[in-house]
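One-letter residues, chain by chain:
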Amino acid sequence: MSTAKVDPVTRAAIDWMLRLESGQACPSERQVFKAWLAENPAHLAAWQRVAGVLKTPVADLHAVERRSPGQLQAARRALLASTVTPGKKTLQGGLLLLLLGLAGAGLVDRVTPLAGLTADYQTATGERKTVELADGSLLTLNARSAVDIQFSNGQRRVRLREGELQVEVAADAKRPFVVTTAQGQVQALGTRFMVRQGSDESLASVQQHSVLLDTLGGQQRRIETGQAVSFTATQIDPQTPTSRSQTDWLQGRVELHDEPLSALVEALRPYQTGMLRISPEAARVRVFGVFALDNTAQTLNTLAQTLPIKVTRYGPWLTLIEVRR
Amino acid sequence: MDPKSLLANLYHDNHAWLRGWLSRQVRCPQDAADLAQDTFLRAWDARQLERIREPRAYLSTVARRLLCSLWRRRKLEQSYLEQLAELPPAFAPSAEDIALVREAIEAIDRVLEGLPSRVKRAFLLNRLEGMPQQAIAELLGVSLATVERDLRRAFVHCLSQTAECP
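Residues numbered from 1 in each chain as written. Chains lettered and ligands numbered in written order. Predicted model: local features only at pLDDT ≥ 70, side-chain atom pairs only at ≥ 80, totals over all residues.

## Considerations on the overall build of chain A
Next up, step 1: What chain A contains, in helices and strands, is 10 helices and 18 strands.
Next up, step 2: Buried residues in chain A amount to 39% of all 325 residues.
Next up, step 3: Long-range contacts, defined here as pairs at least 24 residues apart, represent 43% of the contacts in chain A between residues at least 6 apart. (Helix = DSSP H or I, 4+ residues; strand = E, 2+ residues; numbered from the N terminus. Buried ≥ 20, exposed ≤ 12 C-beta atoms within 10 Å, placed from the backbone. Contact = placed C-beta atoms within 7 Å.)

Spelled out as structure tokens, the structure:
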């Protein structure tokens, strides 16, 4: 259908999608985009149409991918098998990863494109970032994280949309400092603390002083230095300190003492361009040691030499970890 | 004549012939029977039975289209199963998941049908696997501007189809 046509508003929404996903859009452009969305209900409707392209089948494939790694790639290859690809030979493996690293590009969650793209601050795959907020607080984002900053006269609010942050809060008795997640909010009581947004729960851990946790369902708890809890809207579960609740990622590493390999893979995931999948059996292998986050390929190769596991790369976009037999 | 009688006549006069014609194309009686049934359903859905002047020419055109789409689906399914076979057994999906993937790739294939292969490839890498534009440019050995143009074309293609059949 070479004569395909769409109306000008839809065309503008497509342009925004491509611009925002190009990785080159600056914060002021995001502001212009937000204004464009708010300007006219037709703009929002067009944006949702564009964001909704192939949404259901892609969401289905992602759901299957989570259960059985490799399916996304299998689906793409099957879809392309019927058409012959002319032109240049493609780059493979490590070289591509290297190029990607240089490009500094990040993955964007396609299922809900509205989330990461419009955030005030976000980090790409493998990127950490520290920003000084208007009140002097220092906010550090782990890789693949996104936050919105909402400061007012009465409150300093940071909305964690995805990923992980640590904050060193500057004192301001009149304006409480609060980090919100999809499950609740964590209020600083003069403090250094970390919050992570998981897929269906949040985690908070305190490095200095204490915080007050309020879940959406009305549960409340004070968390002290060295403590960590995971929480949903209705439940708070204290956690024994593990690599998950530590803040070693601030220094670009993760330390594990007798933890399952799956914990290490979780920590590496935001640093891996492409998919990183682990078989259930390999997930249970116990791990000790300190590992670098910034070079996942090397970390995985080292692991394969010391643990009974096999790391296989299926092209640049899928890495599988299995038990070695 | 009312539409139901028109369909009954059309069916009566041409069903055996259509099945015979289809049997020679697919060489599987079950497929031929299903396709013949689908062809009459399409004719009924078109609601223009009284306008059909050359029933057999009309029916074979519809049947040919259905046949193409069946072959396309089979080919897609075949290449998916080939891909599955290449993965290690530990990563084999459940039967339900395989069914879900088949449906999803059929849906995607229908929407992207008609796009050139490079455009399709760029779009799938981008939407399905979340590959950034720059990375796609490196992978396909084309400029960033080309990738952007390809993605735009694919979006326009998908959205203009949705507009046609809401």
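## Overview of the overall build of chain B
Next up, step 1: Summing up its helical and strand segments, chain B has 7 helices and 0 strands in all.
Next up, step 2: Long-range contacts, defined here as pairs at least 24 residues apart, represent 55% of the contacts in chain B between residues at least 6 apart.

## Section: the packing of helix 2 (residues 29-45) of chain B against helix 3 (residues 55-86) of chain B
Geometrically, a packed helix pair is captured by the angle between its two axes and the distance between the axes.
Residues and elements named next belong to chain B.
Next up, step 1: At a closest axis distance of 9 Å, the pairing of helix 2 and helix 3 adopts a crossing angle of 120°. Our classification of the angle between helix 2 and helix 3 gives oblique. Remark: the crossing between helix 2 and helix 3 carries right-handed chirality. Facing Leu35, Asp38, Thr39, Arg42 and Ala43 of helix 2, the residues of helix 3 in contact are Leu59, Val62, Ala63, Leu66, Leu67 and Leu70. (Axes fitted to C-alpha atoms, helices over the stretch in contact; angles between N-to-C directions. Parallel < 35°, antiparallel > 145°, perpendicular 65-115°, else oblique. Left-handed = near helix turned anticlockwise from the far one by under 90°.)

## Points about unusual backbone geometry
All names here are of chain A.
Next up, step 1: The phi dihedral of arginine 144 falls on the positive side, at around 50°, and the residue is not glycine.
Next up, step 2: Relative to the assigned elements, arginine 144 resides in the loop between strand 3 (138-141) and strand 4 (146-151).
Next up, step 3: A count of 23 C-beta atoms within 10 Å places arginine 144 in the buried class.
Next up, step 4: In this structure, histidine 209 takes a positive phi of about 60° despite not being glycine.
Next up, step 5: Tracing the sequence through the fold places histidine 209 in the loop between strand 9 (202-208) and strand 10 (210-215).
Next up, step 6: Taking the C-beta count within 10 Å as the criterion, histidine 209 has 15 such neighbours and is therefore assigned partly exposed.

## Digging into the nonpolar core
Next up, step 1: Ranked by size, the top nonpolar core spans 45 residues in total, and within it Val50, Leu61 and Ala75 of chain A together with Ile105, Ala122, Ile136 and Phe155 of chain B carry the most contacts.
Next up, step 2: Ranked by the residues each element gives to this core, the list is headed by helix 7 (residues 144-164) of chain B, at 6 residues.
Next up, step 3: If sequence neighbours within four positions are ignored, isoleucine 136 of chain B has contacts with Ala122, Leu125, Asn126, Met131 and Val147 of chain B.
Next up, step 4: Residues Ala143, Trp249, Met275 and Leu318 of chain A belong to the second largest nonpolar core, which totals 26 residues. (Core = buried A, V, L, I, M, F, W, Y, C linked by C-beta atoms within 7 Å.)

## Notes on the sheet that holds strand 18 (residues 318-323) of chain A
Residue and element names in this part refer to chain A.
Next up, step 1: Strand order in the open sheet formed by 3 strands is 15-18-17, and the pairing between neighbours is mixed. Each edge of the open sheet is held by one strand with a lone partner, namely strand 15 (275-278) and strand 17 (309-313). On average, adjacent strands in this sheet sit at an angle of 15° to one another, irrespective of strand direction.
Next up, step 2: Looking at chain direction, strand 17 and strand 18 are connected through 5 bridges and run antiparallel. Considered in strand 18, the bridge of lysine 310 is made with glutamate 322.
Next up, step 3: Relative to the sheet, helix 8 (residues 261-268) contacts strand 15 and strand 18, its axis offset from that of strand 15 by approximately 175°. (Pairing = 2+ DSSP bridges.)

## Here we look at helix 1 (residues 3-26) of chain B
Residues and elements named next belong to chain B.
Next up, step 1: With 24 residues, helix 1 extends just 30 Å between its outermost C-alpha atoms, more than 12% less than the 34 Å of an ideal straight helix rising 1.5 Å per residue.
Next up, step 2: Along its length, helix 1 reaches its greatest deviation from straightness, about 55°, at asparagine 14.
Next up, step 3: When we look at burial in helix 1, the residues that qualify are Asn14, Leu18 and Leu22.
Next up, step 4: Elements that come into contact with the buried residues of helix 1 comprise helix 2 and helix 3. (Expected span 1.5 Å × (residues − 1). Bend = angle between axes of the 7 residues up to and from the residue.)

## Considering the pairing of strand 5 (residues 156-168) of chain A
Here is the key point about a regular strand: its side chains alternate between the two faces of the sheet.
Residues and elements named next belong to chain A.
Next up, step 1: Where burial is concerned, most of strand 5 is hidden: 10 out of the 13 residues are buried.
Next up, step 2: Pairing geometry for strand 3 and strand 5, over 4 bridges, is antiparallel. Residue leucine 139 lies in a different strand from strand 5, and its bridge partner there is valine 167.
Next up, step 3: The turn joining strand 4 and strand 5, which pair antiparallel and follow one another in sequence, is formed by 4 residues.

## Details of helix 6 (residues 133-140) of chain B
Residue and element names in this part refer to chain B.
Next up, step 1: With 7 of 8 residues buried, helix 6 is to be regarded as a mostly interior element.
Next up, step 2: Along helix 6, the residues classified as buried are Gln133, Ala135, Ile136, Ala137, Glu138, Leu139 and Leu140.
Next up, step 3: Trailing helix 6 by a residue or two, glycine 141 shows a phi angle of about 65°, which is positive.

## Re the environment of aspartate 214 of chain A
Residue and element names in this part refer to chain A.
Next up, step 1: Relative to the helices and strands, aspartate 214 is located in strand 10.
Next up, step 2: Sequence-wise, aspartate 214 and phenylalanine 231 are 17 residues apart; in three dimensions their C-alpha atoms are separated by 9.5 Å.
Next up, step 3: Setting aside its immediate chain neighbours within four residues, aspartate 214 contacts Gly184, Gln185 and Gln220.

## Quick word on the pairing of strand 6 (residues 177-180) of chain A
All names here are of chain A.
Next up, step 1: Bridging between strand 5 and strand 6 involves 4 bridges; their strand directions are parallel. Opposite arginine 157, over in strand 6, you have valine 178 as the bridge partner.
Next up, step 2: Pairing analysis gives 3 bridges linking strand 6 to strand 7 (residues 184-188), with the strands arranged antiparallel. Counterpart to valine 179 in the pairing with strand 7 is valine 186.

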